[in-house]
Amino acid sequence: DVKVTQSSRYLVKRTGEKVFLECVQDMDHENMFWYRQDPGLGLRLIYFSYDVKMKEKGDIPEGYSVSREKKERFSLILESASTNQTSMYLCASSFKRTGRIYNEQFFGPGTRLTVL
Amino acid sequence: RKEVEQDPGPFNVPEGATVAFNCTYSNSASQSFFWYRQDCRKEPKLLMSVYSSGNEDGRFTAQLNRASQYISLLIRDSKLSDSATYLCVVNMEIQGAQKLVFGQGTRLTINP
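Computed from a predicted structure; not experimentally measured.

Attention shifts here to the layout of surface pockets. The calculated volume of the largest pocket comes to roughly 740 Å³. Around the largest pocket, the lining comprises 28 residues; the ones closest to its centre are Gln37 and Pro39 of chain A together with Gln38, Arg41 and Thr85 of chain B. Mapped onto the lining of the largest pocket, the elements with two or more residues apiece are strand E4 (31-38) and strand E9 (87-94) of chain A together with strand E9 (84-94) and strand E11 (106-111) of chain B. Per-element tally for the lining of the largest pocket: the top contributor is E11 of chain B, with 4 residues. As for the second largest pocket, its lining consists of 17 residues, and the residues nearest its centre are Leu43 and Arg44 of chain A together with Glu3, Val101 and Phe102 of chain B. Among the elements of the structure, strand E5 (42-49) of chain A together with strand E10 (97-102) of chain B are those that each provide at least two residues to the lining of the second largest pocket. Residues belonging to the lining of the second largest pocket are distributed by class as follows: 10 nonpolar, 3 polar and 4 charged.

Strand pairing in a sheet relies on backbone hydrogen bonds, with the paired strands running either antiparallel or parallel. All names here are of chain B. Spatial strand order, E1-E3-E8-E7-E6: 5 strands in an open sheet with antiparallel pairing. The two strands at the open ends of the sheet, each matched to only one other strand, are strand E1 (4-6) and strand E6 (55-57). Here the average twist between neighbouring strands, direction ignored, is 20 degrees. The sheet contact formed by E1 and strand E3 (residues 19-25) spans 3 bridges and is antiparallel. Bridged to Val4 within E3 is Tyr25.

What follows is about unusual backbone geometry. In this structure, Pro10 of chain B follows Gly9 of chain B across a cis peptide bond, with omega equal to 10 degrees. Inspection of the secondary structure puts Pro10 of chain B in the loop between E1 and strand E2 (11-14). Residues other than glycine seldom take positive phi values, yet Asp28 of chain A does so here, at roughly 60 degrees. Mapped onto the secondary structure, Asp28 of chain A falls in the loop between strand E3 (19-25) and E4. Residues other than glycine seldom take positive phi values, yet Arg41 of chain B does so here, at roughly 65 degrees. If you trace the backbone, Arg41 of chain B turns up in the loop between strand E4 (33-38) and strand E5 (44-49).

Another point: the pattern of salt bridges. Residue and element names in this part refer to chain A. Following the criterion strictly, the structure yields 10 salt bridges over all chains and no others. For Asp38, the salt bridge identified is with Arg44, shortest N-O distance 2.9 Å. A residue is classified by how much of its surface remains accessible, and Asp38, at 11% relative accessible area, is buried. A relative accessible area of 24% places Arg44 in the partly exposed class. We note a salt bridge from Glu69 to Lys53, for which the minimum N-O separation is 2.5 Å. Taken together, the residues Glu69 in strand E7 (residues 65-70) and Lys53 in the loop between E5 and strand E6 (56-57) connect sequence positions 16 residues apart. The same class applies to Glu69 and to Lys53, which are both exposed. One salt-bridge network, held together by shared partners, links Arg36, Asp38 and Arg44.

Reading the values: the criteria
Residues numbered from 1 in each chain as written. Chains lettered and ligands numbered in written order. Predicted model: local features only at pLDDT ≥ 70, side-chain atom pairs only at ≥ 80, totals over all residues. Heavy atoms only, no water. 1 Å grid on protein atoms, 1.4 Å probe; cavity = no way out; pocket = protein on both sides within 12 Å on 5 of 7 lines; lining within 4 Å. Points joined across faces, edges and corners; volume = space filled by probe spheres on them. Helix = DSSP H or I, 4+ residues; strand = E, 2+ residues; numbered from the N terminus. Nonpolar A, V, L, I, M, F, W, Y, C, P; charged D, E, K, R; others polar. Pairing = 2+ DSSP bridges. Axes fitted to C-alpha atoms, helices over the stretch in contact; angles between N-to-C directions. Salt bridge = Lys/Arg side-chain N within 4 Å of Asp/Glu carboxyl O. Buried < 20%, exposed > 50% of the residue type's maximum accessible area, 1.4 Å probe, protein only.

It is worth stressing that arrangement in space is one thing and function is another; only the former is reported here.
So, in structure tokens, the structure goes:
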């Protein structure tokens with residue numbers, strides 16, 4: 001069974017704090033993703049990575065950075081948390097594309113972050 | 001036009017009914033299509049991949065209509081446990097990069 005784990009289910013931080021969200025997958029997936037999910041806006045891609053030390057901006061990268069030092073681990077960093085970053089953060093992983101066909105993404109349980 | 005568009009619902013149907021919803025997508029070059037299910041306060045999980053010829057898995061049937069650029073999900077003999085949000089997912093090339101784009105989801109409630 002594929003397992004994607006996230007470091008915290010719930011997190012409360014103050015404005016201006018640096019926040020680290022960790023994601024670990026155990027299926028040797030090449031691809032890893034960070035999304036945020038907000039009511040009425042659906043899932044929005046923040047950053048993704050196709051390989052170790054490789055990162056690509058998603059749709060809403062502003063205010064975030066990422067790190068992928070090992071294949072199984074993908075970290076999301078909020079350099080200076082703000083109240084508009086209060087959200088559900090979901091990590092996902094998948095095998096790389098097979099030709100032009102995408103593979104299933106497996107999601108972690110999510111981290112609900114509140115920034116006060 | 002949104003890249004991937006779904007009717008957000010909510011759809012409220014009685015147990016045992018058949019329910020269907022569609023999802024339209026904007027990019028005619030898209031090749032990969034999925035339906036995900038997301039329960040309240042849980043992560044999305046793959047329900048079905050959608051193939052060109054259509055596919056069926058028990059009570060669930062997915063269809064792809066390339067000419068009209070939509071995919072559909074049909075649930076027969078609905079169960080209370082089918083209550084969830086159903087997310088349509090399509091791959092697209094956006095600004096030179098290939099991405100999976102998620103719809104906002106259709107919320108379904110099955111009533112006893």
